[in-house]
Protein chains: 2
Amino acid sequence: MGEFDLIARYFTRPVRRAALGVGDDCALLAPAPGMQLAVSSDMLVEGRHFFADVDPEALGHKALAVNLSDLGACGARPLAFTLALSLPRVDEPWLAGFSRGLLALADSHGCELVGGDTTQGPLNLCITVFGEVPAGQALLRSGARAGDDIYVSGTLGDARLALEALLGHQQIAPDLLAATRQRLERPTPRVALGLALRGVASSAMDLSDGLLGDLSHILQASRVGARIDTSLTSALMAHRNAVADPELLRQCTLAGGDDYELAFTAPPVQRAAVAAAAQASQTPVARIGVIEAEPGLRLVDGQGRPVENRYASFDHFG
Amino acid sequence: MGEFDLIARYFTRPVRRAALGVGDDCALLAPAPGMQLAVSSDMLVEGRHFFADVDPEALGHKALAVNLSDLGACGARPLAFTLALSLPRVDEPWLAGFSRGLLALADSHGCELVGGDTTQGPLNLCITVFGEVPAGQALLRSGARAGDDIYVSGTLGDARLALEALLGHQQIAPDLLAATRQRLERPTPRVALGLALRGVASSAMDLSDGLLGDLSHILQASRVGARIDTSLTSALMAHRNAVADPELLRQCTLAGGDDYELAFTAPPVQRAAVAAAAQASQTPVARIGVIEAEPGLRLVDGQGRPVENRYASFDHFG
């Protein structure tokens, strides 16, 4: 099977919303009047972002999910994406599983595959995703202000626990591994919440490298600091009761990575609006701290006592 | 140097035309009213698309050039691009050269780097490029009609000669290698020609895998056939006098790959307009054949006698 047969069999479907899809030199997109186009690219590399033996259907899901998560963090509605794929060889069962997982998530968000590239080489997936957002309404990292509440959606840390187990750093029960592995391999992009937070949140981003490290980007972009209550973040791990070591619990929830939840800020007057956005999008949201004028990130426990910040973020060249 | 320092040092510049550039979850683009956005992705893999010892500045140029070439083939004006980069390690001299070559070409086309991703892994470059084109005016592959002239811009085959020499398949003089290697490593995207051909050409595409193979995509999309005069295509190799073997000359010009010229069609009534577009864009253009109603690709020599088509296109999984 050659390159063009591969594209035709696994990645070409009738064009729906785009003006022109797979098979020409370019795809053509036409954002609606008054809309800006939100664009994000993520590259996934074997051994770095996924294990060689990962289920291809889960990988197809995750490759698009991490990109949709960026759209969610901007409050953009998904429109379309391109896929560039480097494969060691044409493995049809793998391609069938991968495209099934990819396109199922794409369909559930009305996000159309409009183009891309395939080539031979070490396994590498690069997706560029396009969404639309009314001009001036995108959620940015730079809008947090002193006094704003800090929120996180969903759960934190379960994906990291699965990763620690898969790397052999932790011994956990098989059913716990199965449950947490779902969070690692099939993250849920918070697109609906991002849309509901337009006009409500003052800043937002998605959590890919760990809460504290990612949050520091909001703090830098907004030139503010923050205080985080670690008793509230620890409570956000779905399987926290399976973690006896409080240090591991903090490691997973504060610096876990691969959560693909949204972290966002909003002024206290918006608390009812945040609750309404959470309900409208059927996404749990928890308040975990407060933005402060003083730069830096301060951790406290449930009684307000300082907690040392030893939780480094994941660095892709670390 | 970590991921974020790397991005800041080599790939972050002040935002110009985009609404929001490098450093948030998404970049924001706003096409002008009435414009469609043309989008294309290309992935370049070490050992497949370039040699491990390639000059990083040339690689930066080529990585963007092959994407701009797709915009040219659609008649779209470059706006912006994202870069996803997988690197084995942080090599600062390499990054300095790569970003210099990349951004010099970007600047010469007014094309802004607005986002992307960096990670550790086998060397892999994925660029997604964005251009704008008035709605309905993009040059497509599907518009060729029987009787249309077939044209190619610039030169053909010199890049392939360099590749054959670098692979050790051909012995050529050092100065010839130096000259042809420029064509292989620093292709010129035909953006100005593509813009000038709006409303003139009936179909267009860019040549990356070899003239005959690439042309077959226009023929399939347009449901037509073609007759090509190989004496005219052979004349398009800049260094044809250095090639004694007529078979090698045809191989290079008909199935060379890496030319990044435009192949396009236009009805005979547009000959003056094609010449004007070539002059306006300062790009040589040559007529090499004609579109026919009968499907298939027929090669003839300068006297109209049939030439056997033994010139397979490059397949990325061949």
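All residue numbers refer to positions counted from 1 along the written sequence of the respective chain. Lettering of chains starts at A and numbering of ligands starts at 1, both following the order in which they are written. The predicted origin of the model limits local features to residues at a pLDDT of at least 70 and limits the giving and counting of side-chain atom pairs to 80 or more, whereas totals for whole chains, interfaces and linings rest on all residues. To get the side-chain values, all heavy atoms of the structure are used, and hydrogens and water are removed first.

Participant: Would you take a moment to explain the overall build of chain A for this structure?
Facilitator: For chain A, the helix and strand inventory stands at ten helices and twelve strands. This radius of gyration counts C-alpha atoms alone. The globule rule is 2.2 Å times how many residues there are, raised to the power 0.38. Relative to a compact globule of 318 residues, whose C-alpha radius of gyration would be 20 Å, chain A shows 20 Å and is just as compact. Seen along its three principal axes, the alpha-carbon backbone of chain A occupies a region of about 65 × 50 × 35 Å. Think of it in three bands: residues with accessible area under 20% of the maximum for their type are buried, residues over 50% are exposed, and the middle band is partly exposed, with areas taken using a 1.4 Å probe on protein chains only. When each of the 318 residues of chain A is scored for burial, the buried share is 58%. We treat Lys and Arg as the positive residues and Asp and Glu as the negative residues; His and chain ends play no part in the count. All charge positions are set by atom: Lys at NZ, Arg at CZ, Asp at CG, Glu at CD. In chain A, which carries 26 positive and 36 negative side-chain charges, the distance between the mean positions of the two groups comes to 6 Å. Each helix is a run of DSSP H or I of at least 4 residues and each strand a run of E of at least 2, with the numbering of both proceeding from the N terminus.

Participant: Even after reading the chapter, I still don't get the packing of helix H4 (residues 158–166) of chain A against helix H5 (residues 174–185) of chain A, so can you show me in this structure?
Facilitator: In a pair of packed helices, the angle between the axes and the distance between the axes together describe the arrangement. Residue and element names in this part refer to chain A. Here H4 crosses H5 at 120°, and the two axes come no closer than 7 Å. In the crossing of H4 with H5, the sense of the turn from one axis to the other is left-handed. Side by side, H4 and H5 meet where Asp 158, Ala 159, Leu 161, Ala 162, Leu 163, Ala 165 and Leu 166 of the first sit next to Leu 176, Leu 177, Thr 180, Arg 181, Arg 183 and Leu 184 of the second. For this classification, the nonpolar set comprises Ala, Val, Leu, Ile, Met, Phe, Trp, Tyr, Cys and Pro, the charged set comprises Asp, Glu, Lys and Arg, and every other residue, Gly included, is treated as polar. Here the residues of the contact of H4 with H5 sort into nine nonpolar, one polar and three charged. With axes taken as lines fitted to C-alpha atoms, and helix axes fitted only over the stretch in contact, angles between N-to-C directions fall between 0 and 180 degrees. By definition, any crossing whose near helix is turned counterclockwise from its far helix by less than a right angle is left-handed, and any crossing with a clockwise turn is right-handed. It only takes one pair of heavy atoms within 4.5 Å for two residues to be counted as in contact.

Participant: Looking at this model, I keep getting lost on the UniProt feature "binding site: Mg(2+) 5" (unreviewed entry) in chain A. Mind explaining?
Facilitator: UniProt's entry tags Asp 209 of chain A with the feature "binding site: Mg(2+) 5" (unreviewed entry), counted in the numbering of this structure. Take Asp 209 of chain A: it is sitting in the loop between strand E7 (203–206) and helix H7 (211–222). UniProt positions are given in the numbering used here, feature names are shortened, and annotations may be inferred rather than shown by experiment.

Participant: Hey, could you run me through H4 of chain A in this one?
Facilitator: Each turn of an α-helix holds 3.6 residues, which means side chains three or four residues apart point in the same direction. All names here are of chain A. Counting buried residues along H4, seven of its nine residues qualify, which places the element largely inside the surrounding structure. Among the residues making up H4, those that are buried are Asp 158, Ala 159, Arg 160, Leu 161, Ala 162, Glu 164 and Ala 165. Next to the buried residues of H4 lie H5 and helix H9 (246–255). Downstream of H4 by a residue or two, Gly 168 has a phi angle that is positive, lying close to 85°.

Participant: Looking at this model, I keep getting lost on the relation of the copies chain B and chain A. Mind explaining?
Facilitator: The relation between the two chain copies is a rotation about an axis coupled with a shift along that axis. When chain B is brought onto chain A, the operation consists of a screw motion whose angular component is 180° and whose axial shift is 0.0 Å, with 0.0 Å RMSD remaining. Accordingly, the operation relating the two chain copies is best matched by a two-fold axis. Mapped onto chain A, 100% of the interface residues of chain B again fall at the interface, so both copies present the same surface. Copies overlap after least-squares fitting; the atoms used are the C-alpha atoms of residues with pLDDT of at least 70 in both.

Participant: Just to check I follow, could you spell out the UniProt feature "binding site: substrate" (unreviewed entry) in chain A for this structure?
Facilitator: All names here are of chain A. Under the feature "binding site: substrate" (unreviewed entry), the UniProt entry names His 49, Asp 258 and Phe 314. Assignment of secondary structure puts His 49 in the loop between strand E2 (35–45) and helix H2 (56–74). Within the fold, Asp 258 resides in the loop between H9 and strand E9 (262–266). Residue Asp 258 is classed as buried on the basis of its relative accessible area, which comes to 18%. Residue contacts for Asp 258: discarding those within four places in its chain leaves Lys 62, Ala 159, Arg 183, Leu 184, Leu 207 and Ser 208.

Participant: Explanation requested: the interface of chain B and chain A in the structure shown.
Facilitator: Reports of interface size often rely on the accessible area that becomes lost once the parts have come together. Listed by partner, the interface residues are 62 residues for chain B and 62 residues for chain A. Each of two parts loses accessible area, computed with a 1.4 Å probe, when they are put together; buried area is these two losses added. Taken together, the two surfaces of chain B and chain A that pack against each other cover about 4800 Å², and 61% of this comes from carbon and sulfur. Salt bridges are defined as contacts in which a side-chain nitrogen from Lys or Arg sits within 4 Å of a carboxyl oxygen from Asp or Glu. Across the contact surface, chain B and chain A share zero salt bridges. Counting residues per element, the ones that place at least two in the side of chain B that touches chain A are helix H1 (3–11), strand E1 (27–29), strand E2 (35–45), helix H2 (56–74), strand E3 (77–87), strand E4 (112–120), strand E5 (124–134) and strand E7 (203–206) of chain B. With nine residues, E2 of chain B is the largest single contributor of residues to the side of chain B that touches chain A. Of the residues that constitute the side of chain B that touches chain A, the class distribution is 33 nonpolar, 17 polar and twelve charged. By the bridge criterion, three bridges tie strand E1 (residues 27–29) of chain A to E2 of chain B in an arrangement that is antiparallel. Two strands are counted as paired when DSSP detects at least two bridges linking them.

Participant: Help me out: how do you make sense of the pairing of strand E8 (residues 225–229) of chain A in this one?
Facilitator: Looking along a regular strand, one sees the side chains alternate between the two faces of the sheet. All names here are of chain A. Among the five residues in E8, four count as buried, and that is most of the element. One ladder, built from five bridges, connects E8 with strand E11 (residues 296–300); its direction is parallel. When the bridges of E11 are listed, Asp 229 appears paired with Val 300.

Participant: Help me understand the pairing of E11 of chain A in this model?
Facilitator: Residue and element names in this part refer to chain A. Bridge analysis of E11 against strand E12 (residues 306–307) gives two bridges, and the strand direction is antiparallel. Bridge assignment links Val 300 to a residue of E12, and that residue is Pro 306. Between the end of E11 and the start of E12, which pair antiparallel, lie five residues, with Gly 304 showing a positive phi angle near 85°.

Participant: When you look at the sheet that holds strand E10 (residues 285–292) of chain B in this model, what are you seeing that I'm missing?
Facilitator: Each strand in a sheet pairs with another by means of backbone hydrogen bonds, the pair being arranged parallel or else antiparallel. Residue and element names in this part refer to chain B. Across the sheet, which stays open at both edges, the seven strands sit in the order E7-E9-E6-E10-E8-E11-E12 with mixed pairing between neighbours. Every other strand in the sheet has two partners, leaving E7 and strand E12 (306–307) as the edge strands with one partner each. The sheet strands contacting H2 are E7 and strand E9 (262–266), and the helix crosses E7 at an angle near 175°.

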